[in-house]
Amino acid sequence: MDSHEITMEKIVSLCKRRGFVFQSSEIYGGQAGAWDYGPIGIELKKNIQNAWWKEMTQLHDNIVGLDAAILMHPRVWEASGHVANFSDPLVDCKQCKMRYRADTMDQEALAAKKCPSCGGELTEPRAFNLMFKTHIGPAEDTASIVYLRPETAQGIYVNYKNIIQSNRMKVPFGIAQVGKAFRNEIVTKNFIFRTCEFEQMEMQFFVKPGEDDKWFQYWREQRWSFYQKYGVRMEKLRWYHHDKLAHYAKDAYDIEYEFPMGFQELEGIHNRTDFDLSQHTEYAGKDLQYIDQDNGAERYIPYIIETSAGLTRNVLMFLCDAYEEQNVAKDGEPEDYRVVLHFHPKIAPITVAVLPLMKKDGLAELAKEIQGELKEDFVTDYDQSGTIGKRYRRQDEVGTPFCITVDHDTKEDGTVTIRFRDSMEQVRVHRSELVQRIRQEIKDYQPPVREPRS
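All of these numbers come straight from a predicted model, not from anything done at the bench.

Trainee: Can you help me understand the overall build of the protein chain in this one?
Mentor: Looking only at helices and strands, the protein chain has 14 helices and 23 strands in total. Per-residue burial over the protein chain gives 50% buried out of 454 residues. Long-range contacts, defined here as pairs at least 24 residues apart, represent 64% of the contacts in the protein chain between residues at least 6 apart. In the protein chain, 59 positive and 71 negative side-chain charges are present, and the distance between their average locations comes to 2 Å.

Trainee: Where do I start with the sheet that holds strand 22 (residues 415-420) in this structure?
Mentor: One open sheet accounts for five strands, arranged 20-19-21-22-23; its pairing is mixed. A single partner strand is all that each edge strand has here, and the edge strands are strand 20 (380-382) and strand 23 (426-430). Between one strand axis and the next, the sheet turns by 30° as a mean value, whatever way the strands run. Across five bridges, the pairing between strand 19 (residues 352-356) and strand 21 (residues 402-406) is parallel. Bridging from a neighbouring strand, Val354 pairs with Ile404 of strand 21. In the packing of helix 14 (residues 434-443) onto the sheet, the strands contacted are strand 19, strand 21, strand 22 and strand 23, and the crossing angle to strand 22 comes to about 15°.

Trainee: I would appreciate a short explanation of the environment of Gln446 in the present structure.
Mentor: With respect to the secondary-structure elements, Gln446 resides in the segment after helix 14. By relative accessible area, which is 62% here, Gln446 ends up exposed. C-alpha of Gln446 to C-alpha of Pro302: the two residues are 144 residues apart in sequence and 40 Å apart in space.

Trainee: Mind showing me how you'd approach the packing of helix 2 (residues 39-58) against helix 10 (residues 311-322) here?
Mentor: Working note: a packed helix pair is described by the angle between its axes plus the distance between those axes. Put simply, helix 2 and helix 10 touch, their axes get as near as 10 Å, and they point 110° apart. As summarised for this structure, helix 2 and helix 10 are arranged roughly perpendicular, according to the angle between their axes. Here Leu44, Lys45, Ile48 and Gln49 of helix 2 come into contact with helix 10, specifically with Leu311, Thr312, Asn314, Val315, Phe318 and Leu319. Residues of the contact of helix 2 with helix 10, tallied by class, amount to six nonpolar, three polar and one charged.

Trainee: What exactly am I supposed to notice about the side chain of Glu267 here?
Mentor: Relative to the elements of secondary structure, Glu267 occurs in strand 13 (residues 262-271). By relative accessible area, Glu267 is classed as buried at 0%. Among the polar contacts listed, one links the side chain of Glu267 to the side chain of Arg223, at a separation of 2.6 Å. Non-local contacts of Glu267, meaning those with residues more than four positions away in its chain, are made with Arg223, Tyr227, Tyr253, Asp254, Ile255, Thr307, Ser308 and Ala309.

Trainee: In this structure, what is going on with the nonpolar core? I would like to understand it.
Mentor: The nonpolar side chains of soluble globular proteins are, as a tendency, buried together. In terms of nonpolar packing, the biggest core is built from 55 residues, with Phe20, Tyr227, Leu316 and Phe343 touching the most fellow members. Ranked by residue count, the leading element in this core is helix 10, at eight residues. Ignoring any residue separated from it by four or fewer positions in sequence, one finds Phe343 in contact with Phe20, Leu44, Phe318, Leu319, Ala322, Ala348, Pro349, Val398, Gly399, Arg421 and Tyr445.

Trainee: What exactly am I supposed to notice about the sheet that holds strand 13 here?
Mentor: The pairing of strands in a sheet comes from backbone hydrogen bonds and takes either a parallel or an antiparallel form. Read across the sheet, seven strands follow the order 3-9-10-16-13-12-11 without closing on themselves; strand pairing throughout is mixed. Of all strands in the sheet, those bounded by a partner on one side alone are strand 3 (63-65) and strand 11 (237-241). In this sheet, neighbouring strand axes are inclined to one another by 25° on average, regardless of whether the strands run parallel or antiparallel. Pairing of strand 11 with strand 12 (residues 251-259) involves five bridges; the strand directions are antiparallel. Of the residues in strand 12, the one forming a bridge with Trp239 is Ile255. Packed on one face of the sheet, helix 2 meets strand 3, strand 9 (173-182), strand 10 (197-207) and strand 16 (303-310) and runs near 160° to strand 9.

Trainee: Got a minute to help me understand the side chain of His342 in this structure?
Mentor: Following the sequence through the fold, His342 ends up in the loop between strand 18 (333-341) and strand 19. Within the structure, the side chain of His342 is placed 2.6 Å from the side chain of Glu324, a separation counted as a polar contact. With sequence-adjacent residues up to four places away left out, His342 is seen in contact with Ala322, Glu324, Gln326, Arg421, Asp422, Tyr445, Pro448 and Arg450.

What counts, and at which threshold
Residues numbered from 1 in each chain as written. Predicted model: local features only at pLDDT ≥ 70, side-chain atom pairs only at ≥ 80, totals over all residues. Heavy atoms only, no water. Helix = DSSP H or I, 4+ residues; strand = E, 2+ residues; numbered from the N terminus. Buried < 20%, exposed > 50% of the residue type's maximum accessible area, 1.4 Å probe, protein only. Contact = heavy atoms within 4.5 Å. Lys, Arg positive; Asp, Glu negative; His and termini not counted. Charge placed at Lys NZ, Arg CZ, Asp CG, Glu CD. Pairing = 2+ DSSP bridges. Axes fitted to C-alpha atoms, helices over the stretch in contact; angles between N-to-C directions. Parallel < 35°, antiparallel > 145°, perpendicular 65-115°, else oblique. Nonpolar A, V, L, I, M, F, W, Y, C, P; charged D, E, K, R; others polar. Polar contact = N/O pair within 3.5 Å; in protein donor to acceptor, adjacent residues only side chain to side chain. Core = buried A, V, L, I, M, F, W, Y, C linked by side-chain atoms within 4.5 Å.

Structure follows, in structure tokens:
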């Protein structure tokens, strides 16, 4: 195996070492399926979310935002089909008590009723609902049952009429939302890829029936170009077309990314027809038809084109895509390597690091002064510990695209060194030109060409 091959173990190790992601409740042995985002991780997650939000709402005049409650009326989940249908088939081993999803097991072992772990006898498959159930109010009875939402989309559907009325929206229009969702997954694996608590970035686009195929193709193109825009290696992405559709869908595609464990779903684009609004019309007893005042007060229930991406899954994708162990020359030796994250500067957790060449001779104070000049425009870091080479390597590991080195010449002529992460090139720039130069570098950024690894 190539010693520089990207593995999930390397990603997990980097995330803990550099403050991206920690195991939840680690001092108590950890909580399965739950993760905490550290100082660097929360900046990365926030930047990805902001990039998505800008793409959806700022760059589209007909899309507005929403932040719906996590706890909703339980009838919402009856209407959506989650109470009756949102389940996995499970089997248990009578001997070792291990639990498995029957649909992902080796089918020969399942047919023989033999546990893959100990060979013990398995129970018959039974449905296990994936929603977290809790109670609201002082009494724990059937009347007080509520659910932690398993998706954010339903909060959009039940607010669709409110937004039409309050914001004077006309079809076609969209509603975007970023928020937490919860699924009682039996199998949580591959780090933050599949967890019980996660965040979704969803946009529901309401269209006139008959125009849904056109808008479905439009949003496929839009979502593909988003990843290209932020420097994702396009050879790592592919389309997956669903042959077996969900009960609500007319058509469905997934954008899949080649993670270390293979191609997996990153984002779904679905034509949900008028299923959701029709269901809520029936269960709530409310008329959710759209009245087209520009077309003779025509009434219809809109079709919905959904784009649904996992924010936390996007964090993992950008980490995996950016990660590289790169051979570099060192002190005349044949080769060494550095770990570098090639984040696009717009999503990098830290944009600029300011590094004094040494602590003495007033360089540290001067570097702090320059950092203060950059803070209004960029997320910055300051590091004065260790050799300048080691500090560059630390910034490479968190994906900082620009390092500013302050040296004795800075005191004399006001110039500093900008060191570029991807090329390791260094240029001298006057400190008064730093903000404009960095802005231009971000605007003109082109991802480096990288050799594919097997």
